[in-house]
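Commentary on secondary and tertiary structure
The residues making up each chain are set out below.
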Amino acid sequence: MQVYQAPLRDMRFVLHELFADDGFGDLPGFEEFSPDLYDAVLEEAARMAQEVLLPLNASGDIEGCRLENGVVRTPEGFARAYATFRDGGWAALASPPEYGGQGLPETVNKLVEEMICAANLSFSLYPGLTHGATTAIEGHGSEALKAAYLPKMVSGEWAGTMCLTEAHCGTDLGLLRTRAEPREDGSFAITGGKIFISSGDHDLTDNIIHLVLARVPDAPAGVKGISLFLVPKYLPGADGAVGAANGVSVAGIEHKMGLKASATCQIAFDGSTGWLVGEANKGLAAMFTMMNTERVSVGIQGLGINEIAYQSAVAYARERLQGRSLAGAQRPDLPADPIIVHPDVRRMLMTMRVYAQGCRALGQWTSRALDAEKHSADPAVKQRAGDFVALMTPVVKALFTDLAFDAANLGVQVHGGHGYIREHGVEQFVRDARIAQIYEGTNGVQALDLVGRKMPAHMGRALRPFFHAVSALCEETAGHGDKAIAGWTAALHQSFGALQLTTGMIAQKGMKDPEEAGAAATDYLRMLGLVGIGYTFLKAAVIAQARLDEGHDDAAFYRAKLATAGFFFDRILPQATTGFLVIKSGKRSTMALPVDAF
């Protein structure tokens, strides 16, 4: 069975306790929101995820989407679930109030996103793509476009997509061929085909608003000649209601490994009317507003899969009887002990647990920076937050999804043969998790972005808020009275030192030979991400120990937090130091084999 209960206690911990002193401060615009309100939002979101979305996860995977007479039909129950989701205001949670949104901070929104993704990842893509599209329109669209489209997209009445990929080009968008011919009324005729369009068509909303990359006549070659256009499936009438069809059709739906209840479409534009978003030939910058938003959200998708895979594996391990504990029978009243007593099963469960809690904490730190970048009144804080977001976006996207796929695989392993068959539903997690490592820029591309762009930009400025925070925490906790915390501080300090050495080494080698930086990129991203998770676990451990010393009522939670931190520092963080040795070997063995020898 797929088992999921929203981890509200840990969510409240990372929201209210863990980052109260992160340097971003109290932000204007959120004064009317109290901790009690945030908790109420999380509790209602948990109920919606568990009662409305989770029951459709396995059935939606089995049924999938289908194309009927040019229209995509979602699985049974999805339309009703979406109506419940929309009517509950969940689509508008973090959107600006001026367009009908509720204006909640990203710290809360990302926790709600996690619940939705854990309960039903396929469903999450429908509102998720819309939120990303509204971000791009808000940031770059004209006032007329904002007024015409944002209110209905924010409310969830209309949906949105992003149309980048074409059959002959993926990451290299400079090769795209979709054309945009100007018309006398200021609109454009959009002609071309796009593939791999998530939520490209469905029966959940009255209209779908496509953001399409295309070329105007005489555009410069490559990425410098790309423009962004808003292209509705149906043209709105004068009253704003859905009007005539706009030459947008579904050429097919992709038959995928996972996310079967999410409609991934091939879309054809045949002289479709579109409007320029931002400036001509600067569409990539506008689209990246959406893509960067989506990349953080894809990381949260990974976190959601990680959590439900973990909970499902724990539930099975408590019930499955096999063998006796190596320490002697733990349940002599039963013919065998539950497999949760076995060290190797514990290893797998604890790995999944620390991945989920560590990513949740690191994601919350990033979310606080997202809010500060947007809302802080202090220019210095705004810049520091923006630098942190720039650094962490590829890390959140790539590390969270890599760890999620590992966790989903471990969940199958805990189930043994029962995990490999459909009955228990955990093989779906592996299939669903896999795409998150690919879309919105593959994880290899994320690593190249980190090493090739974010790390050297502004003389390494993006690294400073991260490095300064880790360094300061190590100094503060070096003489901690608790022996375990003092030891974990030493472990983090060692890994952080290895990260600093590696950063300098990559910078030095990469200036002389870009392939050296490329060969190191994926290992460096993981290394930096593990140090970041280590930072959050050390902060959590210090808080947990202080709460226990105070005699806090919820002692069980804080003791469990310390035990989880201990596993991370003993079994996971050492991989960061190993990463230094791997990267130190350089590109030689990676690039040694001639191409024709493969």
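From a predicted model like this one, the values you see are computed outputs, not experimental measurements. (Residues numbered from 1 in each chain as written. Predicted model: local features only at pLDDT ≥ 70, side-chain atom pairs only at ≥ 80, totals over all residues. Heavy atoms only, no water.)

**Focus: the overall build of the protein**
- The helix and strand tally for the protein stands at 19 helices and eleven strands.
- The globule rule puts the C-alpha radius of gyration for 598 residues at 25 Å, and the 24 Å found for the protein is close to it.
- The principal-axis extent of the C-alpha atoms belonging to the protein is close to 80 × 60 × 60 Å.
- For the protein, with 598 residues in total, the buried portion stands at 58%.
- Residue pairs at least 24 apart in sequence account for 74% of intrachain contacts in the protein once pairs closer than 6 positions are excluded.
- For the protein, the computed accessible surface area is about 24,400 Å², with 54% contributed by carbon and sulfur atoms.
- Separation of charge centres in the protein, based on 53 positive and 67 negative side chains, amounts to 6 Å. (Helix = DSSP H or I, 4+ residues; strand = E, 2+ residues; numbered from the N terminus. Rg over C-alpha atoms; globule rule 2.2 N^0.38 Å. Buried < 20%, exposed > 50% of the residue type's maximum accessible area, 1.4 Å probe, protein only. Contact = heavy atoms within 4.5 Å. Areas by Shrake-Rupley, 256 points an atom, 1.4 Å probe, with all protein chains shown as cover. Lys, Arg positive; Asp, Glu negative; His and termini not counted. Charge placed at Lys NZ, Arg CZ, Asp CG, Glu CD.)

**Notes on the packing of helix α4 (residues 78-87) against helix α6 (residues 121-140)**
- In contact at an axis separation of 12 Å, α4 and α6 are set at 50° when each is read in the N-to-C sense. By the angle between their directions, the pair α4 and α6 is classed as oblique. In terms of crossing hand, the pair formed by α4 and α6 is right-handed. When α4 is examined against α6, the residues F78, A81, Y82 and F85 are found in contact with a partner set consisting of F123, Y126 and P127.
- Of the residues assigned to the contact of α4 with α6, the class counts are seven nonpolar, no polar and no charged. (Axes fitted to C-alpha atoms, helices over the stretch in contact; angles between N-to-C directions. Parallel < 35°, antiparallel > 145°, perpendicular 65-115°, else oblique. Left-handed = near helix turned anticlockwise from the far one by under 90°. Nonpolar A, V, L, I, M, F, W, Y, C, P; charged D, E, K, R; others polar.)

**Observations regarding the packing of aromatic side chains**
- Tallied over the full model, the rule gives 21 aromatic pairs.
- These aromatic residues form a ring-pair network of at least three members: F19, F24, W365, F388, F466, F467, F496 and Y535.
- Above the ring of F557, the side-chain terminus of R9 is found at 4.1 Å from the ring centroid.
- The side chain of R434 reaches across the aromatic face of F405, ending 5.3 Å from its centre. (Phe/Tyr/Trp six-rings, centres within 6.5 Å; stacked < 30°, edge-to-face > 60°. Lys NZ or Arg CZ within 6 Å of the ring centre and 35° of its normal.)

**Some words on the pattern of salt bridges**
- For the structure on display, the rule yields 30 salt bridges.
- For D201, the salt bridge goes to K233, with nearest N and O atoms at 2.7 Å. Placement of D201 in the loop between β5 (188-198) and β6 (207-214) and of K233 in the loop between β7 (227-232) and β8 (234-236) is noted, with a sequence separation of 32 residues between them. We note that D201, like K233, is buried.
- Here K282 and E279 are joined by a salt bridge, their closest N and O atoms 3.5 Å apart.
- Linked through salt bridges whose partners overlap, the residues forming this network are R9, E17, R547, E550 and D554. (Salt bridge = Lys/Arg side-chain N within 4 Å of Asp/Glu carboxyl O.)

**Regarding the pairing of β6**
- Along β6, eight of the eight residues are buried, which leaves the element largely enclosed by surrounding structure.
- With burial as the criterion, each face of β6 is covered, one bearing N207, I209, L211 and L213 and the other bearing I208, H210, V212 and A214.
- Pairing geometry for strand β3 (residues 158-163) and β6, over six bridges, is parallel. Bridge assignment links C163 to a residue of β6, and that residue is V212.
- One ladder, built from six bridges, connects β6 with β7; its direction is antiparallel. When the sheet's bridge partners are listed, V212 is paired in β7 with F229. (Pairing = 2+ DSSP bridges.)

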